[in-house]
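# Breakdown of the fold
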Amino acid sequence: MTVSYFIADLHLSDERPDMVRAFLRFVQEQAYQADALYILGDLFEVWVGDDLRTTTSQTVAQALKKLTQSGVPCYFICGNRDFLVGKRYCKQCGMTMLPDETIINLYGRQTMLLHGDIMCTLDESYQKFRRMVHRRWVQWLFLHLPKRARANIANRMRANSKRYNQSKSDNIMDVTPEQVTTRFKHYQLDWMIHGHTHRPAIHHPFNDNSQQRIVLGDWYEHSSVLTVTPEHADLSGAQL
Ligand code: LP5
Ligand code: MN
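Rules behind the numbers
Residues numbered from 1 in each chain as written. Chains lettered and ligands numbered in written order. Predicted model: local features only at pLDDT ≥ 70, side-chain atom pairs only at ≥ 80, totals over all residues. Heavy atoms only, no water. Helix = DSSP H or I, 4+ residues; strand = E, 2+ residues; numbered from the N terminus. Rg over C-alpha atoms; globule rule 2.2 N^0.38 Å. Buried < 20%, exposed > 50% of the residue type's maximum accessible area, 1.4 Å probe, protein only. Contact = heavy atoms within 4.5 Å. 1 Å grid on protein atoms, 1.4 Å probe; cavity = no way out; pocket = protein on both sides within 12 Å on 5 of 7 lines; lining within 4 Å. Points joined across faces, edges and corners; volume = space filled by probe spheres on them. Nonpolar A, V, L, I, M, F, W, Y, C, P; charged D, E, K, R; others polar. Pairing = 2+ DSSP bridges. Near = heavy atom within 4 Å. Polar contact = N/O pair within 3.5 Å; in protein donor to acceptor, adjacent residues only side chain to side chain. Areas by Shrake-Rupley, 256 points an atom, 1.4 Å probe, with all protein chains shown as cover. Sits in = over half its atoms within 2 Å of the grid points. UniProt positions renumbered as here; feature names shortened; annotations may be inferred. Phe/Tyr/Trp six-rings, centres within 6.5 Å; stacked < 30°, edge-to-face > 60°. Lys NZ or Arg CZ within 6 Å of the ring centre and 35° of its normal.

## Some details on the overall build of the protein chain
Tallying secondary structure elements over the protein chain gives eight helices and eleven strands in all. Its C-alpha radius of gyration of 17 Å places the protein chain within 12% of the 18 Å reference for a compact globule of 240 residues. Out of the 240 residues in the protein chain, the part that is buried amounts to 48%. The long-range share in the protein chain, meaning contacts at least 24 apart out of those at least 6 apart in sequence, stands at 68%.

## Let's talk about unusual backbone geometry
Backbone phi values are negative for most residues with the exception of glycine, while trans is the configuration of most peptide bonds. One non-glycine residue, Asp42, lies in the positive phi region at around 55 degrees. With respect to the helices and strands, Asp42 occurs in the loop between β2 (36-39) and α2 (55-69). Take Asp42: its relative accessible area is 1%, and that puts it in the buried class. Non-glycine residue Gln188 carries a positive phi angle of around 50 degrees. Within the element layout of this structure, Gln188 appears in the loop between α8 (177-186) and β7 (191-194). Owing to a relative accessible area of 65%, Gln188 belongs among the exposed residues under this scheme.

## A closer look at the layout of surface pockets
The volume enclosed by the largest pocket comes to roughly 1,000 Å³. Asn80, Arg81, Tyr126, Arg158 and Ser161 are the residues nearest the centre of the largest pocket, which is lined by 37 residues in total. Within the residue set of the lining of the largest pocket, elements represented by two or more residues are α4 (124-133), α5 (136-143), α6 (147-166) and α7 (170-173). Sort the elements by how many residues they give to the lining of the largest pocket and α6 lands first, with nine residues. Counted by class, the lining of the largest pocket contains 18 nonpolar, ten polar and nine charged residues. Taken as a whole, the second largest pocket holds about 480 Å³ of empty space. Considering the residues around the second largest pocket, the lining is formed by 17 residues, among which Phe83, Leu84, Val85, Gly86 and Gln139 are closest to the centre. Secondary structure elements with two or more residues in the lining of the second largest pocket: α3 (87-93) and α5. No other element matches α5, which puts four residues into the lining of the second largest pocket. Residues that form the lining of the second largest pocket fall into these classes: eight nonpolar, four polar and five charged.

## Overview of the sheet that holds strand β3 (residues 74-76)
The six strands are arranged β4-β3-β2-β1-β10-β11 in an open sheet whose pairing can be described as mixed. Each having just a single partner strand, β4 (96-97) and β11 (233-236) make up the two edges of the open sheet. Here strand β1 (residues 4-7) runs beside β2; their pairing, made up of four bridges, is parallel. Residue pairing in the sheet places Tyr5 in a bridge with Leu37 of β2.

## A closer look at the site of ligand 1
The immediate surroundings of ligand 1 are formed by 23 residues, with Arg81, Asp123, Ser125, Arg158 and Lys168 found nearest. One of the side-chain nitrogen or oxygen atoms of Asn165 is found 3.2 Å away from an oxygen atom of ligand 1. The contact in question runs from an oxygen atom of ligand 1 to an N or O atom on the side chain of Lys168, over 2.6 Å. Contact with the protein chains covers 85% of the free accessible surface of ligand 1, which is 1,100 Å². A majority-of-atoms criterion places ligand 1 in the largest pocket. Top contributing element to the shell around ligand 1 by residue count: α6, with six residues.

## Details of the UniProt feature "binding site: Mn(2+) 1" (unreviewed entry) in the protein chain
In the numbering adopted here, UniProt assigns the feature "binding site: Mn(2+) 1" (unreviewed entry) to Asp9, His11, Asp42 and His198. Taken along the chain, the residues just named run across 190 residues; in space they keep tight, none of their C-alpha pairs more than 11.4 Å apart. In the annotation above, Asp9, His11, Asp42 and His198 are the residues that line the largest pocket. Its location among the elements puts Asp9 in the loop between β1 and α1 (17-29).

## Some words on the packing of aromatic side chains
Overall, the coordinates contain nine aromatic pairs when judged by the stated rule. Taking the centre distance of 5.5 Å and the plane angle of 80 degrees together, the rings of Tyr5 and Phe26 count as edge-to-face. Residue Tyr5 is found in strand β1, and its partner Phe26 is found in helix α1; the two are separated by 21 residues along the sequence. Exposure remark for Tyr5: the relative accessible area of 3% places this residue in the buried category. For the pair Trp47 and Tyr89, a centre-to-centre distance of 4.6 Å together with 50 degrees between the ring planes defines the contact as tilted. Here the residue Trp47 occupies a position in the loop between β2 and α2, and Tyr89 occupies one in helix α3, the gap between them amounting to 42 residues. A single burial state applies to Trp47 and to Tyr89, both of which are buried. The ring centre of Tyr164 lies 5.8 Å from the NZ or CZ of Arg163, which sits over that ring.

Given below as structure tokens:
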């Protein structure tokens, strides 16, 4: 079957076994028929190092390993929660890590794939935070802390994030339109696919049907999957 699937913002964790099950069902019932599966960030609620294994991380790795071994390639772009997913875990899953902003030829369409957080430039405090935690030496230091300390720091960051987010407007939390149009022009994109904002929609940034920005939904309430074939893009739930 000529189809590719795109998912993001699943936020899987041991606290949400229902969503882990939904992901496993999606893999078993749909992904095996695909040309490729693309995971565009925030597969996990939080990730503090490949050495910190959880029931969820191991279950997901097993499912993806089986899928990739069957011949379906799986690609991963990190999100703002799981940017510390490393080579070791990708290998365990058999998935390929892609750069933060990746351009692919999707059945003839020049398509940029990204998590999306990098385009939320009005959120200045977040961008400052992002630059800091993406520094190699900061990550190196963090990953050399004991597991318990890493988990505690991540919990504190999550709590702070929730607090900060309450006072941010919708406008600040969304992508900046110029960030989108600049990329479309610079890379001569037909499509852009991203997640992060949890506002699933298909936008036409130039009022032209051939150019589309497709925003994936999250998996908090139900699963959100983008199905792309040479003819169509369908943004709906997984067929569960
Ligand atoms: O995640 P979500 O949806 O709640 O909000 C995001 C932004 N928040 C984050 C933080 C994450 O939730 C927590 C990540 C845990 C990662 C675990 C690994 C830790 C490793 C650290 C070291 C390598 O991404 C939120 C955005 C929102 O999306 C919408 O886009 O607004 O941004 C924030 O809440 C950030 C605050 O606005 C700013 C915090 C000030 C920090 C100042 C710099 C300090 C740097 C410290 C470095 C150790
Ligand atoms: Mn995100």
